[in-house]
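# Structural overview
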Amino acid sequence: MDPLPQPQRSQLFTVRVWAEDLGDGQQEWRGQVQHVISGETRYFREWSMLIAWLQAMLANADSHHS
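Let me begin by describing the structure that accompanies this report. (Residues numbered from 1 in each chain as written. Predicted model: local features only at pLDDT ≥ 70, side-chain atom pairs only at ≥ 80, totals over all residues. Heavy atoms only, no water.)

What follows covers the overall build of the protein chain. Counting secondary structure elements, the protein chain contains one helix and three strands. Its helices and strands in sequence order give the protein chain the pattern β-β-β-α, from N to C terminus. The 66 residues of the protein chain split such that 20% are buried. (Helix = DSSP H or I, 4+ residues; strand = E, 2+ residues; numbered from the N terminus. Buried < 20%, exposed > 50% of the residue type's maximum accessible area, 1.4 Å probe, protein only.)

Here it is, written out as structure tokens:
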């Protein structure tokens, strides 16, 4: 008998980005990321903040499944 396949561990996030008008013809990209399962949401102005938060959430998920 073949062993049952292990379910894939996956996480689901939504990411929203928009251009914020700063006046004088200037704009800045801003964003929101939400972990769909927990509903936890973060806002960011720099891509590095998005990446850091995603890495932290994924590391946290790994520690719960180990």
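Moving on, we get to the side chain of Gln32. Considering the arrangement of structural elements, one finds Gln32 in strand E2 (residues 26-35). For Gln32, the residues in contact, after removing those within four places along its chain, are Thr14, Val15, Arg16, Trp18, Thr41, Arg42, Tyr43 and Phe44. (Contact = heavy atoms within 4.5 Å.)

Within the largest apolar cluster, seven residues are counted, these being Phe13, Val33, Phe44, Leu50, Trp53, Leu54 and Met57. The residues touching Phe13, leaving out its near neighbours within four places in the chain, are Val33, Gln34, His35, Val36, Trp53, Leu54, Met57 and Leu58. (Core = buried A, V, L, I, M, F, W, Y, C linked by side-chain atoms within 4.5 Å.)

Enumeration according to the criterion identifies two aromatic pairs in this entry. Between the aromatic rings of Phe44 and Trp47, the centroid separation amounts to 5.9 Å while the plane-to-plane angle is 45°, which identifies the pairing as tilted. Taking NZ or CZ as reference, Arg16 lies 4.2 Å from the ring centre of Trp18, over its face. (Phe/Tyr/Trp six-rings, centres within 6.5 Å; stacked < 30°, edge-to-face > 60°. Lys NZ or Arg CZ within 6 Å of the ring centre and 35° of its normal.)

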